[in-house]
Structure formats: C-alpha cells, structure tokens
Amino acid sequence: MIEQRLAEQRGVGDHGWLNSHHTFSFANYWDPKQTGFSDLLVINDDRVAAGRGFGAHPHNNMEIISYVLEGALEHKDSMGTGSVIVPGDVQLMSAGSGVTHSEFNHSKSDNVHFLQIWIVPGERNTQPGYQQISVAESEKRGQLRLIISPEGENGSLSVRQDIRIYAGFFDGAEQQTFELGADRYAYIHVARGSIEVNGVKFKEGDGARVRNETALQFTNGDNAEVLLFDLRPLEVNHPQR
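Each chain carries its own residue numbering, running from 1 in the written order of its sequence. Only residues with pLDDT of at least 70 are given local features in this predicted model, and only at 80 or more are side-chain atom pairs given and counted; all residues enter the totals for whole chains, interfaces and linings. The side-chain values count all of the structure's non-hydrogen atoms but skip hydrogen atoms and water molecules.

A.B. asks: I'd like a rundown of the overall build of the chain, residues and numbers included.
C.D. replies: We count a stretch as a helix when DSSP gives it H or I for four or more residues in a row; a strand needs E for two or more, and each element gets its number in order from the N terminus. A tally of regular secondary structure across the chain gives one helix and 20 strands. Only the C-alpha atoms count toward the radius of gyration. The rule for a globule is 2.2 Å times the residue count to the power 0.38. Relative to the compact-globule value of 18 Å for 241 residues, the chain shows a C-alpha radius of gyration of 17 Å, a close match. Taking the principal axes of its C-alpha atoms as reference, the chain extends roughly 45 × 40 × 35 Å. Burial status follows relative accessibility: with a 1.4 Å probe on protein chains alone, a residue under 20% of its type maximum counts as buried, one over 50% as exposed, and anything between as partly exposed. A total of 241 residues make up the chain; the buried ones form 54% of that total. Excluding contacts between residues fewer than 6 apart, the proportion of contacts in the chain whose partners are at least 24 apart in sequence is 72%. Per element, the accessible surface of the chain, about 10100 Å² overall, is 45% carbon and sulfur. Across the chain, the 21 positively charged side chains and the 32 negatively charged ones have centroids separated by 4 Å. Any two residues whose heavy atoms approach within 4.5 Å at even a single point are treated as in contact. Each accessible area is a Shrake-Rupley result for a 1.4 Å probe, and residues are judged covered by the shown protein chains and nothing else. Only four residue types enter the charge count: Lys and Arg as positive, Asp and Glu as negative, with His and the chain ends excluded. Where a charge lies is defined by one atom per residue type: Lys uses NZ, Arg uses CZ, Asp uses CG and Glu uses CD.

A.B. asks: Account for the sheet that holds strand β7 (residues 73-77), with residues named and values stated.
C.D. replies: By this definition, two strands are paired if DSSP reports at least two bridges between them. Strand order in the open sheet formed by four strands is β5-β10-β7-β8, and the pairing between neighbours is antiparallel. Pairing within the sheet leaves two strands with one partner each, and these edge strands are β5 (53-59) and β8 (82-85). Strand after strand, the sheet turns through a mean of 20° between neighbouring axes, direction not considered. Of the strand pairs in this sheet, β7 and β8 are connected by four bridges, and their pairing is antiparallel. Bridge pairing in β8 links Leu-73 to Ile-85. Axes, fitted as lines to C-alpha atoms, cover a helix only where it is in contact. Angles between the N-to-C directions of the axes lie from 0 to 180 degrees.

A.B. asks: Give me the UniProt feature "domain: Pirin N-terminal" (unreviewed entry) in the chain: which residues, what numbers.
C.D. replies: UniProt positions are given in the numbering used here, feature names are shortened, and annotations may be inferred rather than shown by experiment. The UniProt record annotates "domain: Pirin N-terminal" (unreviewed entry) at residues 9-119. This span, residues 9-119, is 0% helix and 57% strand, and a straight line between its end C-alpha atoms measures 22 Å.

A.B. asks: Before we move on, can you summarise the side chain of Lys-140 with the specific residues and values?
C.D. replies: As for its placement among the helices and strands, Lys-140 is situated in helix α1 (residues 137-140). Whenever Lys or Arg places a side-chain nitrogen within 4 Å of a carboxyl oxygen from Asp or Glu, that contact is recorded as a salt bridge. Of the side chains with opposite charge, Glu-225 comes closest to the buried, unpaired Lys-140, at an N-O distance of 4.6 Å. Sequence-distant contacts of Lys-140, that is, excluding residues within four places in its chain, are made with Tyr-67, Gly-88, Val-135, Arg-145, Ala-167, Gly-168 and Phe-169.

A.B. asks: So what about the packing of aromatic side chains? Which residues, and what values?
C.D. replies: Ring geometry is summarised as follows: Phe, Tyr and Trp rings, the Trp one being its six-membered ring, pair when their centres sit within 6.5 Å, and such pairs are stacked at plane angles under 30 degrees, edge-to-face over 60 and tilted between the two. A complete count under the given rule lists eight aromatic pairs for this structure. Here the aromatic rings of Tyr-166 and Phe-178 are separated by 4.9 Å at their centres, their planes lie at 70°, and the arrangement is edge-to-face. Of this pair, Tyr-166 sits in strand β15 (residues 164-172) while Phe-178 sits in strand β16 (residues 176-179), and the two are 12 residues apart along the sequence. The pair Tyr-166 / Phe-178 is uniform in exposure class, with both members buried. Between Tyr-187 and Phe-229, the aromatic rings sit 6.5 Å apart at their centres with planes inclined by 65°, giving edge-to-face as the arrangement. In this pair, Tyr-187 sits in strand β17 (residues 185-197) while Phe-229 sits in strand β20 (residues 215-231), placing the two residues 42 residues apart along the sequence. By relative accessible area, Phe-229 is classed as buried at 0%. Ring pairing ties together the aromatic residues Phe-24, Phe-37, Tyr-185, Tyr-187 and Phe-229, which thus form one cluster. Throughout this description, the term charge over a ring refers to an Arg CZ or Lys NZ atom that lies within 6 Å of the ring centre and within 35 degrees of the ring normal. One Lys or Arg, Arg-211, reaches over the ring of Tyr-185 and ends 5.6 Å from the middle of that ring.

Here it is, written out as structure tokens:
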C-alpha cells in the first residue's frame, strides 16, 4: 500500500527569512494524524534567505540530518565542529545527551534550500557526534545510493537506529526496482522534479508511507531527486517535540 501525502497537504511556516514545509507535525504545525512514521519524525523542506539562519539552540536524543538541494549551509556546534555543506553533501549530527548548534545560509546573496530530517534514536543519552560525507551525482544517477545506515555500510553515515536512507536521481529512461523486505516499511520523499513509483505519480514535495509492498519501481523521472527511507514496521504516535 502506498499512502500518498501531497506537497500541498504539508504544514507551512512562513517567517519571511524562512519558508518551511513540514511533512510531519513540527513547531506550530500540529496534526495528530501526521506525527512521524516509524522512527522518522521530521522532514522539513526549508528555504532560508541570504545571510539568515537558525541561531544556537539545543537538541538531545535525536539523529539530525541535513541534505542540501541548492546553495550552501553553514553549521557550527558545541562539539567544536564547523562546516559548510553544499549539494551532494550529507550531514548527520547525533545529539545524544545534548548538543547546541546553529545553521546559517553561508551566502550573502543567494537562498539555501535544504531538507532537515529527524530520526528517533535507538539509544538515549549517548555521546554526541558529527559525521559528513560528499556523494557525487554520478553515484546517485539512475539508482538509489545508500547514504545512511546503522553500521555505516558502503561509505554511508552511521545512524543510531534501524533505518537506511537512500538518495537517487532519475530522468527519462533511468529506473530502478528497490526490493523491500516483507517485514519493512518505507517512506518516499520527492525533493525535486517528478517520478512514478509503482505507477503512482509524484511531484516535488510529495511523499508517501509504504506498507505491505515487497518492491518499489522508480520510473518516468523528470529531473527527479528522491529520498527513500527503509524503516522498521513500527506504528508510533510520536509526541510533538
């Protein structure tokens, strides 16, 4: 079963310098039917104005992923990490027992467009940590490339949960069939462009909960950039955070 959630059904936070679309309940957007899916708690589609950003603020017991689509995102944290990530980079901050960080648009002239993703960790109050990789477009072209996994498999980042995240680019005849375990859920998020999954059409910002499917066929992409989350079969009503 593929249960779509269309882009226009998401929550919206428009703060002038920040325009954010919330796939799941977040901040002032609350929908008791949209409180995450399995261990996936947040997908925020954020556009931040030039020179603006999120000042230093705390997190704990959360795996926080930043995935840049356009522009450059500057990160600083209380662990002493400082970096600027651009398209192709994937950043994972494990907040663990507690960390403070800030995120700003690195550019003084152009917007930055990125996804911020929160995963509920399998263990609480662990040592905070930071990881980052860069994945060339060629590694994602016409296929789903593993970017995050529990054991850091195949050069992916290591997350503290039973979840695997893949990213791929699909255009024209490019296609892939992804085999999903019979005991697994999945979540699809289309970051850009459009694509069909098992014949269901998706456009930018659309997503879907997937249950009771053993294979997902990605076809008919039109400049599509897709994230796929392979998840535990867990029905959870996460509290608002």
